[in-house]
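# Examining the three-dimensional arrangement
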Amino acid sequence: MADLSGKTAIITGAASGIGLASVEVFVAAGAKVLAADIQDEKGKALEARFGADTVRYVHCDVTNADDLEAALQTCADSFGGLDILFNNAGHGGTPANLEEFDPDGFDATVAVLLKSVFQATHLAIPHFKARGGGSVINTSSISAVCAGYAPIVYSVCKKGVAHFSKLAAAELAKHQIRVNAVLPGFIATSIFGASLGLPRAQADQMAELVAQGGGAMQPAGRTGTGKDIAEMAAFLASDAASFITGGEFLVDGGMTVGPRHSWDENDAGPLLNALGITPEQAEAMQAAMKAG
Ligand SMILES: NC(=O)c1ccc[n+]([C@@H]2O[C@H](COP(=O)([O-])OP(=O)(O)OC[C@H]3O[C@@H](n4cnc5c(N)ncnc54)[C@H](O)[C@@H]3O)[C@@H](O)[C@H]2O)c1
């Protein structure tokens with residue numbers, strides 16, 4: 001486990017999923033955490049669970065610069081400074097594809113997923129400088145790598161988040177501020193139900209269904225958990241990662257290693273399919289070849 005003793009962190013989107021797991025992992029690693037979200041009931045429950053000396057909750061809509069500034073200041077006032085900013089809040093954004101293009105949905109999606117990452121990092125700089133450095137971790141996605149995982153606007157934003165992390169790392173190195181992106185795969189959270197417009201309680205239940213049903217989609221054989229991502233974020237936030245900046249880190253159970261037939265021997269793959277050969281027939285043909 002990473003060591004975050006003596007460090008203070010802001011985690012956005014902290015009331016649910018990856019953010020919630022990150023609060024738990026960061027606290028277990030010794031950090032004080034300012035949990036920021038718009039789900040106030042869950043956020044306040046989080047503060048009550050850990051105690052305000054360890055976790056403070058603030059209502060913070062990441063699309064609102066005043067909210068972000070207030071959250072950063074609350075972290076500095078409550079815990080004596082800021083060492084870690086985890087830009088994690090998000091949702092699925094507009095489902096509209098390119099043919100349907102939805103300009104308002106586009107703006108709203110960019111505001112949450114991309115502009116907020118710029119804004120929060122910008123506002124955090126003076127706080128990091130006051131501490132002599134810091135670490136920013138941004139939640140990107142495997143949808144930044146290739147098509148097929150999320151709507152187009154979301155995916156373009158997540159690519160932007162990954163590239164932002166590299167460019168910000170270059171710009172902020174002189175202040176000893178490291179910036180890295182984590183690219184989660186298929187993680188069992190409420191985001192899928194919430195993106196379908198379900199009420200939060202139902203979306204939370206859907207997270208459990210995703211956990212049960214998503215394993216077959218990836219080489220690791222199970223759906224990812226918020227903790228899988230939180231552990232990577234905690235490592236990147238820690239001094240053990242002091243040589244790591246500008247990086248993009250896939251945490252996806254191998255989902256992007258290649259097409260299914262590359263990791264599932266029961267999948268024939270496009271070539272065998274085109275030839276009308278089953279995996280069993282292909283195996284028998286290979287055995288015959290080897291036997292000479
Ligand atoms: N679950 C996945 O499979 C997956 C994969 C790749 C990337 N991600 C990314 O991980 C991050 C966390 O998502 P999650 O899967 O834990 O989903 P989640 O729905 O469980 O958590 C997202 C949190 O962000 C909060 N949020 C949404 N809009 C906000 C705003 N304007 N201001 C403040 N908080 C806001 C929500 O209230 C919620 O608590 C997101 O950026 C998401 O895009 C998730």
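Computed from a prediction, not measured in an experiment: that's the story for all the values here.

What follows covers the nonpolar core. It is characteristic of soluble globular proteins that their nonpolar side chains tend to be buried jointly. Core analysis: the largest hydrophobic core is formed by 80 residues, its most contacted members being Ile10, Ile11, Phe26, Ala35, Ala233 and Ala234. Residues in contact with phenylalanine 26, not counting those within four places in the same chain, are Leu4, Ala9, Ile11, Ala31, Val33 and Ala234.

On to the domain arrangement of the protein. When the parts come together, some accessible area is lost, and that loss is often what is quoted as the size of the interface. The domains assigned to the protein are domain 1 (8-257) and domain 2 (258-292). For domain 1 versus domain 2, the separation of C-alpha centres amounts to 40 Å.

This paragraph deals with the packing of helix α1 (residues 17-28) against helix α8 (residues 226-237). Across the interface, α1 lies against α8 with an axial gap of 8 Å and an inter-helix angle of 55°. In terms of orientation, α1 and α8 fall into the oblique class. Like other packed secondary-structure pairs, α1 and α8 cross with a definite hand, here right-handed. Contacts between α1 and α8 involve Gly17, Ile18, Leu20, Ala21, Ser22, Val25 and Phe26 from the former and Gly226, Lys227, Ile229, Ala230, Glu231, Ala233 and Ala234 from the latter. Here the contact of α1 with α8 is composed, by residue class, of 9 nonpolar, 3 polar and 2 charged.

Here we come to the site of the ligand. Close contacts around the ligand come from 29 residues, with Gly13, Ser16, Gly17, Gly90 and Thr189 the closest. Mapped onto the shell around the ligand, the elements with two or more residues apiece are α1 and α6 (191-195).

It helps to recall that an α-helix has 3.6 residues per turn; residues three or four apart then point in one direction. The end-to-end C-alpha distance of helix α4 (residues 103-131) is 40 Å, a good match for the 42 Å that 29 residues give at a rise of 1.5 Å each. Remark: the principal bend of α4, roughly 45°, maps to alanine 111. One or two residues past the end of α4 sits glycine 132, with phi positive at roughly 85°.

In this structure, glutamine 176 takes a positive phi of about 60° despite not being glycine. Structurally, the position occupied by glutamine 176 is in the loop between α5 (152-172) and β6 (177-184).

With that settled, consider the environment of glutamine 218. One can find glutamine 218 in the loop between α7 (200-213) and α8. The sequence separation of glutamine 218 and glycine 254 amounts to 36 residues, and the corresponding C-alpha distance is 6.2 Å. Setting aside chain neighbours within four positions, we find glutamine 218 in contact with Gly185, Phe186, Gly253, Gly254 and Met255.

Parameters at a glance
Residues numbered from 1 in each chain as written. Predicted model: local features only at pLDDT ≥ 70, side-chain atom pairs only at ≥ 80, totals over all residues. Core = buried A, V, L, I, M, F, W, Y, C linked by C-beta atoms within 7 Å. Buried ≥ 20, exposed ≤ 12 C-beta atoms within 10 Å, placed from the backbone. Contact = placed C-beta atoms within 7 Å. Domains from an automatic or database assignment. Axes fitted to C-alpha atoms, helices over the stretch in contact; angles between N-to-C directions. Helix = DSSP H or I, 4+ residues; strand = E, 2+ residues; numbered from the N terminus. Parallel < 35°, antiparallel > 145°, perpendicular 65-115°, else oblique. Left-handed = near helix turned anticlockwise from the far one by under 90°. Nonpolar A, V, L, I, M, F, W, Y, C, P; charged D, E, K, R; others polar. Near = placed C-beta within 6 Å. Expected span 1.5 Å × (residues − 1). Bend = angle between axes of the 7 residues up to and from the residue.

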